[in-house]
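Next come the chains, spelled out residue by residue.
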Amino acid sequence: MSERVVEIISQSFFQILIPGIQVTIPLTIISFALGLLIALFLALVQIANVPVLKQFALVYIWFFRGTPLLVQLFIVFFGLPSLGVVLDAFPAAVITFALNSGAYNAETLRSAILAVPKGQTEAAELVGLTYGQTMRRIILPQAFPIAFPPLFNSLIGMVKDTSLASSITVIELFTKAQQIAARTFEPFVLYLEAAAIYLIFCTVLTLLQKWLEKKMVYRTPESKLTASENKGAGEEK
Amino acid sequence: MLEVKNVYKSFGNNHVLKGIDFKVDKGEVVAVLGPSGSGKTTLLRCISFLERADSGTIDFDEFHYDMADISKKEIHTLRMQMGFVFQNFNLFANKTALANVMEGLVTARHVPKAEAQKRAHEMLTKVGMEDRADYYPAQLSGGQQQRVAIARAIASGPRVVLFDEPTSALDPELTGEVLAVMRNLAEEGTTMVVVTHEMKFAENVANRVVFMEGGNIVEENTAKEFFRNPQKERARQFLQKTIGEA
Ligand SMILES: Nc1ncnc2c1ncn2[C@@H]1O[C@H](COP(=O)(O)OP(=O)(O)OP(=O)(O)O)[C@@H](O)[C@H]1O
Ligand SMILES: [Mg+2]
């Protein structure tokens, strides 16, 4: 490796990492959290069979899963201004990522809720809980661990998808790498660097996922094995 | 006290209940017997409105409703006076034994937490599960889960407790502990409807036996008479088969 390349790497690494931390990570977290709320709403109106809203959810999911994320970004950022809706690049990206992931995660949550055995709902109704109480107190807490791995999958996916925001002028990790690549004429090095930083982010998330899964596993319905390992914990009390 | 009349229920073309008249008096233990598929579970589920009967009426103390045309609120009112024990327990998997028993008290009946906790501990003591109060269902054996489920069903002091084959999902060595708890409840005067294949239990604990077949009640009798001298040929054959096997 030539001295020049070493120098470019040592200089650019932090220049790329900083927008990664300041833009890519907040963009991911805010979008994902909003998307999760949208997903919960879309899943619940389908499961509760709410007229009109259920049809709305189906059309919504159909649209956002059926069109490319990049096209959606362009519609929101470049298209909406012609309707008089002008958004800054960052909020436009947040809105698009949230709407998009909401559609995907709605399906994850819906199937997780349906995976909770029907007897749980019946037992809850018979002890006198209302539908809302049953959902909140019994079903969702059991659906969450089931939905957790695929949701985390979608979170990791989103970390990488945020690179698309570079195309609507958000200065995030990848935008910065592109800028430096253009200046130094070292695209190979710079894009490898960008890839490495995404890889670091996703590795941290993967480790976090493993750790969190271990923490919650014994509350899930089919966890007899882990439960017996945890018996000591119960006996101390 | 609780009486349903003329209950019909079908699933598609399958006529499962064909005009059932069934009642329980206060303090009575009624065993519901009958071959598999005769509609026993469906009857209990219609009484508790987990299934909606196609037609029929229910009289439950001061309440009188048309079973096919009853509002959610009315169903809720009736359920608040019933306890239900499932064949496969259905304890809330995300809650400890104690929290399972407390749930209906705190969330549905707004009993203050401290009071509900005290009551739940009493119930768990009653079923011999006090030492497992902080365990999650997945950490308990089937028999233990069913005893907690019974504690949950009786915690609010229901006027009647419905049991659907409470021991048939259990290993033989675990059925005894559950039946012992149920026998205690019966001795305390709890009004109970028990769908069961445990003939000994039905004979010794129940006051009355209802024998179902093909969606009809074929014979109703005192438990003693039913086992000593069944009136109907079908019942006689059923007893011969089940007791012969045991
Ligand atoms: N949800 C349902 N959908 C369709 N058919 C059903 C449903 N539940 C019960 N059935 C049918 O109703 C009939 C009676 O079933 P039920 O469970 O009431 O019998 P059972 O007397 O409890 O039998 P077992 O002793 O095996 O528990 C059966 O033919 C069954 O297939
Ligand atoms: Mg049954």
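Below you will find a few notes about this structure. On a predicted model such as this, the values are computed, not experimentally measured, just so you know.

**Considerations on the site of ligand 1**
Residues and elements named next belong to chain B.
- As a matter of local geometry, ligand 1 sits amid 13 residues, with Ser36, Gly37, Lys40, Thr41 and Thr42 nearest to it.
- One of the backbone nitrogen or oxygen atoms of Ser38 is found 3.2 Å away from an oxygen atom of ligand 1.
- Protein contact buries 61% of the 640 Å² of open area that ligand 1 shows by itself.
- Mapped by element, the contributors of at least two residues to the shell around ligand 1 are strand 2 (14-24) and helix 1 (40-47).

**A few points about helix 4 (residues 89-115) of chain A**
- Compared with an ideal rise of 1.5 Å per residue, which puts 27 residues at 39 Å, helix 4 of chain A spans 39 Å between its outermost C-alpha atoms and is within 8% of the ideal.
- At Ala103 of chain A, helix 4 of chain A shows its maximal bend, which comes to roughly 30°.

**Things to note about helix 2 (residues 72-79) of chain B**
- Those residues of helix 2 of chain B lying buried are Ile75, Leu78 and Arg79 of chain B. For helix 2 of chain B, the buried positions fall inside an angular range of 95° around the axis, keeping them on one side.
- Contacts from the buried residues of helix 2 of chain B go to helix 5 (118-126) of chain A together with strand 4 (55-60), strand 5 (63-66) and strand 6 (82-85) of chain B.

**Side note on the sheet that holds strand 3 (residues 29-33) of chain B**
All names here are of chain B.
- Taken in spatial order, the six strands make up an open sheet running 6-7-8-3-9-10, and their pairing is mixed. The open sheet terminates on both sides in strands that have one partner only, identified here as strand 6 and strand 10 (216-222). If you compare each strand with its neighbour and ignore which way they point, the axes differ by 15° on average.
- For strand 3 and strand 8 (residues 192-195), the ladder comprises four bridges, and the chain directions are parallel. When the bridges of strand 8 are listed, Ala31 appears paired with Val194.
- Contacting strand 6 and strand 7 (160-164), helix 5 (residues 142-154) runs over the sheet at an angle of about 170° to strand 6.

**Notes on the interface of chain B and chain A**
- Chain B puts 28 residues into the contact, and the matching count from chain A is 27 residues.
- Both faces considered, chain B and chain A share a buried interface measuring about 2,500 Å² in area, 55% of it formed by carbon and sulfur atoms.
- Applying the counting rule to chain B against chain A returns three salt bridges.
- The interface formed by chain B and chain A includes nine residue pairs in polar contact (both at pLDDT 80 or more).
- Secondary-structure elements contributing two or more residues to the side of chain B that touches chain A are helix 2, strand 6, helix 3 (97-108) and helix 5 of chain B.
- Each residue belonging to the side of chain B that touches chain A can be placed in one class, and the counts come to 13 nonpolar, eight polar and seven charged.

**Quick notes on the nonpolar core**
Residue and element names in this part refer to chain B.
- Of all hydrophobic cores here, the largest spans 100 residues; its most connected members are Phe22 and Leu78.
- Those residues within four positions of Phe22 in sequence are excluded, and the remaining contacts are Leu2, Glu3, Val4, Val30, Val32, Leu43, Ile47, Val193, Val210 and Ile217.
- Among the nonpolar cores identified, the runner-up in size contains 52 residues, and Ala116, Met123, Phe163 and Ala186 belong to it.

**Some details on the pattern of salt bridges**
All names here are of chain A.
- Within this structure, the stated rule accounts for 20 salt bridges over all chains.
- Put simply, Glu107 and Arg110 hold a salt bridge, and the shortest N to O gap is 3.2 Å. Note that Glu107 and Arg110 are positioned in helix 4 at a spacing of three residues, about one turn of the helix.
- What makes Arg110 partly exposed here is its relative accessible area of 25%.

**A short note on the pairing of strand 8 of chain B**
All names here are of chain B.
- Alternating positions in strand 8 separate into two faces, Met192 and Val194 on one and Val193 and Val195 on the other, with burial throughout.
- Pairing of strand 7 with strand 8 involves four bridges; the strand directions are parallel. Residue pairing for strand 8: Leu162 is matched across the bridge by Val193.

**Structural notes on the sheet that holds strand 1 (residues 2-11) of chain B**
All names here are of chain B.
- Taking strand neighbours across the sheet as the criterion, the four strands line up as 2-1-4-5 in an open arrangement whose pairing is antiparallel. Since the sheet does not close on itself, it has two edges, and those belong to strand 2 and strand 5, each with one partner. On average, each strand axis in the sheet is tilted by 15° relative to the strand beside it, whichever way the strands run.
- By the bridge criterion, four bridges tie strand 4 to strand 5 in an arrangement that is antiparallel. Directly across from Ile58, in strand 5, lies its bridge partner Tyr65.
- Packing of helix 1 onto the sheet brings it into contact with strand 1, strand 2 and strand 4, and relative to strand 2 it is tilted by some 65°.
- Packed onto the sheet, helix 2 meets strand 4 and strand 5 and runs at close to 135° relative to strand 5.

**Details of the layout of surface pockets**
- The space that makes up the largest pocket amounts to roughly 770 Å³.
- Every residue lining the largest pocket is counted, 24 residues in all, and those nearest its centre are Thr121, Glu125 and Tyr131 of chain A together with Lys72 and Arg79 of chain B.
- For the lining of the largest pocket, the secondary-structure elements that each account for two or more residues are helix 4, helix 5 and helix 6 (131-161) of chain A together with helix 2 of chain B.
- Counting residues per element, the lining of the largest pocket draws most heavily on helix 2 of chain B, at five residues.
- Its residues assigned to classes, the lining of the largest pocket shows 12 nonpolar, four polar and eight charged.

**Focus on the packing of aromatic side chains**
- This model, assessed by the stated rule, comprises 14 aromatic pairs over all chains.
- Ring geometry for Phe148 of chain A versus Phe152 of chain A: centroids 5.2 Å apart, planes at 45°, classification tilted. In this pair, Phe148 of chain A and Phe152 of chain A both sit in helix 6, four residues apart, roughly one turn of the helix.
- Centroid distance Phe211 of chain B to Phe238 of chain B: 5.0 Å. Interplanar angle 50°. Geometry classified as tilted. Of the two residues, Phe211 of chain B sits in strand 9 (residues 208-213) while Phe238 of chain B sits in helix 9 (residues 233-245), which places them 27 residues apart along the sequence.
- The class of Phe238 of chain B is buried, set by a relative accessible area of 11%.
- Pairwise contacts between aromatic rings join Phe56, Tyr60, Phe63 and Phe64 of chain A into one cluster.

Analysis parameters
Residues numbered from 1 in each chain as written. Chains lettered and ligands numbered in written order. Predicted model: local features only at pLDDT ≥ 70, side-chain atom pairs only at ≥ 80, totals over all residues. Heavy atoms only, no water. Near = heavy atom within 4 Å. Polar contact = N/O pair within 3.5 Å; in protein donor to acceptor, adjacent residues only side chain to side chain. Areas by Shrake-Rupley, 256 points an atom, 1.4 Å probe, with all protein chains shown as cover. Helix = DSSP H or I, 4+ residues; strand = E, 2+ residues; numbered from the N terminus. Expected span 1.5 Å × (residues − 1). Bend = angle between axes of the 7 residues up to and from the residue. Buried < 20%, exposed > 50% of the residue type's maximum accessible area, 1.4 Å probe, protein only. Arc of directions from axis to C-beta. Contact = heavy atoms within 4.5 Å. Pairing = 2+ DSSP bridges. Axes fitted to C-alpha atoms, helices over the stretch in contact; angles between N-to-C directions. Buried area = accessible area lost by both parts, 1.4 Å probe. Salt bridge = Lys/Arg side-chain N within 4 Å of Asp/Glu carboxyl O. Nonpolar A, V, L, I, M, F, W, Y, C, P; charged D, E, K, R; others polar. Core = buried A, V, L, I, M, F, W, Y, C linked by side-chain atoms within 4.5 Å. 1 Å grid on protein atoms, 1.4 Å probe; cavity = no way out; pocket = protein on both sides within 12 Å on 5 of 7 lines; lining within 4 Å. Points joined across faces, edges and corners; volume = space filled by probe spheres on them. Phe/Tyr/Trp six-rings, centres within 6.5 Å; stacked < 30°, edge-to-face > 60°.

All quantities given are derived from atomic positions and should not be read as evidence of function.
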